[in-house]
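# Architecture and fold: a report
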Amino acid sequence: MTRTTRRPTEPVDPVDTTAPAPPDGPDAPTAATAGPRRRSALRRTATVVGVLAPLGLVGWLGWQAVGGPGPDTPDAAPPATGPTAQGAPTTQATPATPGATAAGTPADPAAPVPAPAAPTATTLAGRTVLLDPGHNTGNSAHTTEINRKVDIGNARKECDTTGTATNAGYTEAEYSLDVVHRARAILAARGATVVLVHDGDRPWGPCIDERARIGNTAHADAAVSVHGDGGPASGSGFHVIMPAKVVAGRANTSAIVDPSHRLGLLLRENFHTATGEPYADYTASQGLDTRSDLGGLNLSTVPKVFIECGNMRNPADARRMTDPQWRQQAAQGIADALTAFLTTR
């Protein structure tokens, strides 16, 4: 606490040498008395300082030795010394302002937690990502080729399908390739090497077993297959499909089930955040599904998931999926999920 000294309203008794007399006026000390009083005051001051200074230093050193706050302790202040009511020195830590930062600036309790640093051109340097655009616009003209069966480990399935489309004819293959192109640009800007299963440059396919093999050969760190669903018109929303544990024939997903599950959770979170699309209300559970009948997952040796970005047979989902701005948001969500997967554990 700071004490305030009030000036006496009456002149100071000239024989009281403990209080200073006014410098001017009828009660100013004479030259004969001023000298002794000044020397007495100086001796008294020197005595007090000589006693207080060593005691204060000893107290501060002892406080430091038992763990006083160091320079990295946010709520501590340097010790302050001062006389107690009895005249003995005391050492106190100045109370910190509640919520104050290390620099002493009060923190706003309502302020949001700082977001992670924005991705840079080197965030994904040295990482390889596989993007798999579902289906192919030329599949419908090559039904013989896409209908032949291929081995997926625990079964044999068609090489590929034509995919679905909106009622107005916007195809799943067009949608998936456009979103993959947008996601590729984002990931490449972050330093990733991006491999596409196809780039619209093939007359049909590739088959589902080849799609898995392309990711395996590239030694991808993560893979996402992008789709649009063809569910009942009354249903809407997106869902993520993760691999079940399959050990059969050519398939062995044992090593990728757990990392693929983590990727799936991140994809669900980031896609929902970026697009506002709700979880599917007609299939899966809370936007997540686990399947053992998809060759692209069964035969993968790298962490891989599918995303059905919406139901193209539902009018509301179809409007969103045909909007280029929404497709950019979809690509952002996919790229952010892959970035989070590759930079966190």
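In this report, the structure presented in the accompanying data block is examined. (Residues numbered from 1 in each chain as written. Predicted model: local features only at pLDDT ≥ 70, side-chain atom pairs only at ≥ 80, totals over all residues. Heavy atoms only, no water.)

This part takes up helix H8 (residues 324-343). For H8, with 20 residues, the first-to-last C-alpha span of 28 Å sits near the 28 Å given by 1.5 Å per residue. Near the N-terminus of H8, the side chain that reaches the backbone nitrogen of Gln325, with its oxygen 3.0 Å away, is that of Asp323. (Helix = DSSP H or I, 4+ residues; strand = E, 2+ residues; numbered from the N terminus. Expected span 1.5 Å × (residues − 1). Polar contact = N/O pair within 3.5 Å; in protein donor to acceptor, adjacent residues only side chain to side chain.)

Running from amino to carboxyl end, helix H5 (residues 257-275) crosses H8 at an angle of 145°, the nearest separation of the two axes being 8 Å. With respect to the hand of their crossing, H5 and H8 are arranged in right-handed fashion. Within the contact between the two elements, H5 uses Pro259, Arg262, Leu263, Leu266, Leu267, Asn270, Phe271, Ala274 and Thr275 and H8 uses Trp326, Gln329, Ala330, Gly333, Ile334, Asp336, Ala337, Leu338, Ala340 and Phe341. Along the lines of polarity and charge, the residues of the contact of H5 with H8 split into 13 nonpolar, four polar and two charged. (Axes fitted to C-alpha atoms, helices over the stretch in contact; angles between N-to-C directions. Left-handed = near helix turned anticlockwise from the far one by under 90°. Contact = heavy atoms within 4.5 Å. Nonpolar A, V, L, I, M, F, W, Y, C, P; charged D, E, K, R; others polar.)

With five of five residues buried, strand S8 (residues 239-243) lies mostly within the body of the structure. Burial along S8 is two-sided: the face carrying His239, Ile241 and Pro243 and the face carrying Val240 and Met242 are both buried. Judged from the four bridges that link them, S8 and strand S11 (residues 288-291) form a sheet pairing that is parallel. Bridge pairing in S11 links Pro243 to Arg291. (Buried < 20%, exposed > 50% of the residue type's maximum accessible area, 1.4 Å probe, protein only. Pairing = 2+ DSSP bridges.)

Spanning 19 residues, H5 covers 26 Å between terminal C-alpha atoms, matching the ideal 27 Å at 1.5 Å per step. Within H5, burial applies to Ser260, Leu263, Gly264, Leu266, Leu267, Arg268, Asn270, Phe271 and Thr275. Tucked into the core, H5 has its buried residues touching strand S7 (222-229), S8, S11, strand S12 (304-311) and H8. Looking one or two residues beyond H5, the residue adopting positive phi is Gly276, at roughly 75°.

In a disulfide, the sulfur atoms of two cysteines are held together by a covalent bond. In this structure the tally under the stated criterion is one disulfide. Covalent S-S linkage joins Cys159 and Cys207, the inter-sulfur distance amounting to 1.9 Å. Here the disulfide of Cys159 and Cys207 is left-handed, its torsion about the S-S bond being about -95°. With Cys159 in the loop between strand S5 (156-158) and helix H3 (172-189) and Cys207 in the loop between strand S6 (193-196) and helix H4 (208-217), this residue pair connects regions lying 48 residues apart in the sequence. Just as Cys159 is buried, Cys207 falls in that class too. (Disulfide = S-S within 2.5 Å.)

Let us now look at the packing of H3 against H8. One can describe the packing of H3 onto H8 by two numbers: an axis separation of 8 Å at closest approach and a directional angle of 55°. For the element pair H3 / H8, the angle class is oblique. With respect to the hand of their crossing, H3 and H8 are arranged in right-handed fashion. Where H3 approaches H8, its residues Tyr175, Asp178, Val179, Arg182, Ala183, Ile186 and Leu187 are matched on the opposing element by Pro324, Trp326, Arg327, Gln328, Ala330, Ala331, Gln332, Ile334, Ala335, Leu338 and Thr339. (Parallel < 35°, antiparallel > 145°, perpendicular 65-115°, else oblique.)

The next thing to look at is the layout of surface pockets. Quantified by volume, the largest pocket comes out at close to 480 Å³. Taken together, 27 residues form the lining of the largest pocket, with His135, Thr161, His227, Leu294 and Phe306 sitting closest to its centre. Of all the secondary structure elements, the ones that give two or more residues to the lining of the largest pocket are S5, H4, S7, S8, S11, helix H6 (295-298) and S12. Per-element tally for the lining of the largest pocket: the top contributor is S7, with four residues. Of the residues assigned to the lining of the largest pocket, the class counts are four nonpolar, 12 polar and 11 charged. (1 Å grid on protein atoms, 1.4 Å probe; cavity = no way out; pocket = protein on both sides within 12 Å on 5 of 7 lines; lining within 4 Å. Points joined across faces, edges and corners; volume = space filled by probe spheres on them.)

Quick look at the environment of Glu172 now. Among the structural elements, Glu172 can be located in helix H3. Looking at Glu172, the relative accessible area reads 3%, which means it is buried. Each C-alpha atom of the pair Glu172 and Thr137 lies 8.3 Å from the other, and the pair is 35 residues apart in sequence. Engagement of the side chain of Glu172 in a polar contact is seen with the side chain of His227, the distance being 3.0 Å.

Quick look at the nonpolar core now. The biggest cluster of nonpolar side chains holds 39 residues, and the ones touching the most others in it are Leu131, Tyr175, Val224 and Ile307. Elements represented by at least two residues in this core include exactly strand S3 (128-133), H3, S6, S7, S8, H5, S12 and H8. Top contributing element to this core by residue count: H8, with 10 residues. When sequence neighbours within four positions are dropped, the list of residues in contact with Tyr175 reads Tyr170, Val226, His227, Cys309, Met312, Met321, Trp326, Arg327 and Ala330. (Core = buried A, V, L, I, M, F, W, Y, C linked by side-chain atoms within 4.5 Å.)

Everything listed is a geometric property; what it means functionally is a separate question.
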